[in-house]
Amino acid sequence: MTTTEWITDIALLLVVFRQLREGRLDLRTFLIPLGIVAFVAYSYLDTVPTAGNDLVLIAVLTAVGAVLGIAGGLWTRIRASGEHLLIKAGAVSATLWVLGMGARMGFQLWTEHGGADTVGRFSAAHAITSEQAWVAAFVLMALTEVVTRLATIYLRSRTVRPAQHAGTGAPAAPVLDHTR
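Residues numbered from 1 in each chain as written. Predicted model: local features only at pLDDT ≥ 70, side-chain atom pairs only at ≥ 80, totals over all residues. Heavy atoms only, no water.

Caption draft 1: Just the overall build of the protein, in detail. A count of helices and strands for the protein gives 5 helices and 3 strands. For the protein, the N- to C-terminal ordering of α and β elements is α-β-α-α-β-β-α-α. Out of the 180 residues belonging to the protein, those deemed buried represent 41%. In the protein, the share of contacts with a sequence separation of at least 24, taken over all contacts with a separation of at least 6, comes to 80%. Taken as a whole, the protein presents about 9,400 Å² of accessible surface, with 67% of it coming from carbon and sulfur. (Helix = DSSP H or I, 4+ residues; strand = E, 2+ residues; numbered from the N terminus. Buried < 20%, exposed > 50% of the residue type's maximum accessible area, 1.4 Å probe, protein only. Contact = heavy atoms within 4.5 Å. Areas by Shrake-Rupley, 256 points an atom, 1.4 Å probe, with all protein chains shown as cover.)

Structural data, given as structure tokens:
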């Protein structure tokens, strides 16, 4: 793995670890992970192969990313505190995030250190036509996991019940912070 690949993989893992400590749900909560996966997609997603069973592989891993992302978003706590929304990733959410991001990193390390022949045989037996199909599948899995997790968190944040204003009894509308 290149230094850039290590940095992006670790950065994506740190995104959720940062959320193990409760903090405000703000624009950075969404922009940082989206920026990272946009960079990864731009850097590694040259083409989406469609020959053989390439699209099946891509669809399966993209679906896995969606399941992990939605589940991770559902297992992330969101609550109102006064006029702000707070977010905290729990153990389940962090585990799902590490599982998804770690699987891609582990697969890449495995193929670079002895697993390439096994992947080649699997690919030939299942009509997966190129290495680019694996790259596209794992990049789209990561992209889908990030986008669906963030979308789930955003949608859930819209349903959080506001806290009561002290002394007035009127609900305070929690807001998605644009700055810290």
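Let us keep going from here.
Caption draft 2: Seen up close, helix 5 (residues 131–157). In a regular helix each residue adds 1.5 Å, so 27 residues correspond to 39 Å; helix 5 covers 39 Å between its end C-alpha atoms and thus fits that length. Within helix 5, 19 of the 27 residues are buried, leaving the element largely enclosed by the surrounding structure. (Expected span 1.5 Å × (residues − 1).)

Caption draft 3: Local environment of the packing of aromatic side chains. Using the criterion set out here, one finds 6 aromatic pairs in the structure. With a centroid separation of 6.0 Å and an interplanar angle of 55°, the aromatic rings of F122 and W134 are classed as tilted. Here F122, found in helix 4 (residues 91–125), pairs with W134, found in helix 5; they are 12 residues apart in sequence, far enough to count as distant. Here F122 falls in the partly exposed class, since its relative accessible area comes to 39%. Connected via pairs of aromatic rings, a cluster forms that spans F107, W110, F122, W134 and F138. The ring centre of W97 lies 5.1 Å from the NZ or CZ of R149, which sits over that ring. (Phe/Tyr/Trp six-rings, centres within 6.5 Å; stacked < 30°, edge-to-face > 60°. Lys NZ or Arg CZ within 6 Å of the ring centre and 35° of its normal.)

Caption draft 4: Representation of the pattern of salt bridges. By the definition in use, this model includes 3 salt bridges. E22 is the partner of R77 in a salt bridge, and the nearest nitrogen-oxygen pair spans 2.6 Å. Highlighted residues: R77 in strand 2 (residues 76–81) and E22 in the loop between helix 1 (3–18) and strand 1 (23–24), separated in sequence by 55 residues. Here R77 falls in the partly exposed class, since its relative accessible area comes to 41%. Connected through salt bridges with shared partners, the residues E22, R77 and R79 form a single ionic network. (Salt bridge = Lys/Arg side-chain N within 4 Å of Asp/Glu carboxyl O.)

Caption draft 5: Structural context of the sheet that holds strand 3 (residues 84–89). Pairing is antiparallel in the open sheet, where 3 strands are placed in the order 1-3-2. Looking at strand neighbours, the two that pair on one side only are strand 1 and strand 2, the edges of this open sheet. Two strands pair when backbone bridges link them, and strand 2 and strand 3 are joined in this way by 6 bridges, in the antiparallel orientation. In the sheet register, R77 faces strand 3, and the bridge partner there is K88. (Pairing = 2+ DSSP bridges.)

Read these as geometric descriptors, not functional statements.
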